[in-house]
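Close look at the chain arrangement
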Amino acid sequence: MRKIEHIGIAVKDLQASNLIFEKLFGAPAYKEEEVASEGVKTSFFMNGPNKIELLEATNPDSPIAKFLEKKGEGIHHIAFDVEDIVSESERLKNEGFTVLNEIPKKGADNKLVAFLHPKTTNGVLIELCQEIK
Ligand SMILES: CC[C@@H](C(=O)O)C(=O)SCCNC(=O)CCNC(=O)[C@H](O)C(C)(C)COP(=O)(O)OP(=O)(O)OC[C@H]1O[C@@H](n2cnc3c(N)ncnc32)[C@H](O)[C@@H]1OP(=O)(O)O
Ligand SMILES: [Co+2]
C-alpha cells in the first residue's frame, strides 16, 4: 500500500453536497461518474494532493444507501493506492484481513478496486485502488 488515494464520503444528495465542497475547496468537482455495479453516483474534488470522493446511492441495495440508513452522512471509506491490486489483496488476505472481492472490480476514476471488510480493520472500510494504465 502506498499513499491515500481518496477519502470516500457518503452523501444523501450529490448535487447539494457538490455545492458545499465547491465552496470548501474554492474549485468545482473535476469529474462526476456513475458506477452502476456499486449503485452509486460519484463526484471527485482535488484539494492540493488530496482527493475526495462524494458518493450518493442510486438504489436502496447500494452499500451507500445501507450506510446512510445506519450511520448517516459522513466518511464511508479510505482508499489506498496500490501498485498491484491482486498481489496486495493476496498479501492482506494472508495477514488475516477479509478481502470482500478477491477479483478486483472496475471502480470510478479509471481504477480497479477491492475492499477489506471493516470488521477486520477496526471499523474502517478500506478500499485498494490500482490505476488502470
Ligand atoms: C465508485 C466505486 C468505488 C471507487 O472507485 O472509489 C467506491 O468507492 S464504491 C463504494 C461503495 N461500495 C462498497 O462499499 C463496497 C464494499 N462494501 C461492502 O461490500 C458492504 O458495504 C459491507 C462493508 C460488506 C457491508 O455490507 P452489509 O454487511 O450488507 O451491510 P450492513 O449494513 O449489514 O453492515 C454490516 C456491518 O458493517 C458495518 N459497515 C457497513 N459499511 C461500513 C462502512 N463503510 N464503514 C464502517 N462500517 C461499515 C455496518 O455498520 C454493520 O455493522 P454492525 O451494525 O455493527 O453489524
Ligand atoms: Co472509493
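Per an unreviewed UniProt entry, the protein chain carries the name Methylmalonyl-CoA epimerase and comes from Paenimyroides tangerinum. What the UniProt record of the protein chain gives under Sequence similarities (unreviewed entry) is the line "Belongs to the methylmalonyl-CoA epimerase family."

The next thing to look at is the site of ligand 1. Surrounding ligand 1, one finds 26 residues, the nearest of these being P63, G107, A108, P118 and L125. Mapped onto the shell around ligand 1, the elements with two or more residues apiece are β3 (40-47), β4 (50-57), α2 (63-71), β5 (74-81) and β7 (111-116). Looking at the shell around ligand 1, the element that brings in the most residues is α2, giving 5 residues. For the shell around ligand 1, the residue count by class is 13 nonpolar, 7 polar and 6 charged.

Our next topic: the UniProt feature "domain: VOC" (unreviewed entry) in the protein chain. The UniProt record marks residues 3-131 with the feature "domain: VOC" (unreviewed entry), using the residue numbering of this structure. Between the first and last C-alpha atoms of residues 3-131 the distance is 13 Å; the span itself is 24% helix and 39% strand.

On to the sheet that holds β3, then. On the basis of which strands lie adjacent, the open sheet formed by 8 strands has the order β2-β3-β4-β1-β5-β8-β7-β6 and mixed pairing. Each edge of the sheet is formed by a strand with only one pairing partner; in this case those strands are β2 (31-35) and β6 (105-106). In the sheet, β6 pairs with β7 via 2 bridges, with the strands oriented antiparallel. Paired with K106 across the bridge in β7 is L112. The sheet contacts of α2 involve β1 (4-10), β3, β4 and β5, and relative to β4 the element is tilted by about 90 degrees.

The rules we used
- Residue positions within a chain follow its written sequence, with the count starting from 1.
- Here chains are named by letter from A upward and ligands by number from 1 upward, in the order in which they appear as written.
- Where totals are concerned, whole chains, interfaces and linings use all residues; where local detail is concerned, this predicted model gives features only for residues with pLDDT of at least 70, and gives and counts side-chain atom pairs only at 80 or more.
- UniProt positions are given in the numbering used here, feature names are shortened, and annotations may be inferred rather than shown by experiment.
- Each residue gets a C-beta atom placed from its backbone. Should that atom fall within 6 Å of a molecule or strand, the residue is termed near it.
- Where helices and strands are cited, they refer to DSSP runs of H or I of at least four residues and of E of at least two residues respectively, numbered from the N terminus.
- Under the grouping applied here, Gly and all other residues not named as nonpolar or charged are polar, the nonpolar ones being Ala, Val, Leu, Ile, Met, Phe, Trp, Tyr, Cys and Pro and the charged ones Asp, Glu, Lys and Arg.
- We treat two strands as partners when DSSP finds at least two bridges between them.
- By the criterion used throughout, residues are in contact when their C-beta atoms, derived from the backbone, lie within 7 Å.
- Comment: axis = line fitted to C-alpha atoms, over the contacting stretch for helices; angle = value between 0 and 180 degrees taken between N-to-C directions.

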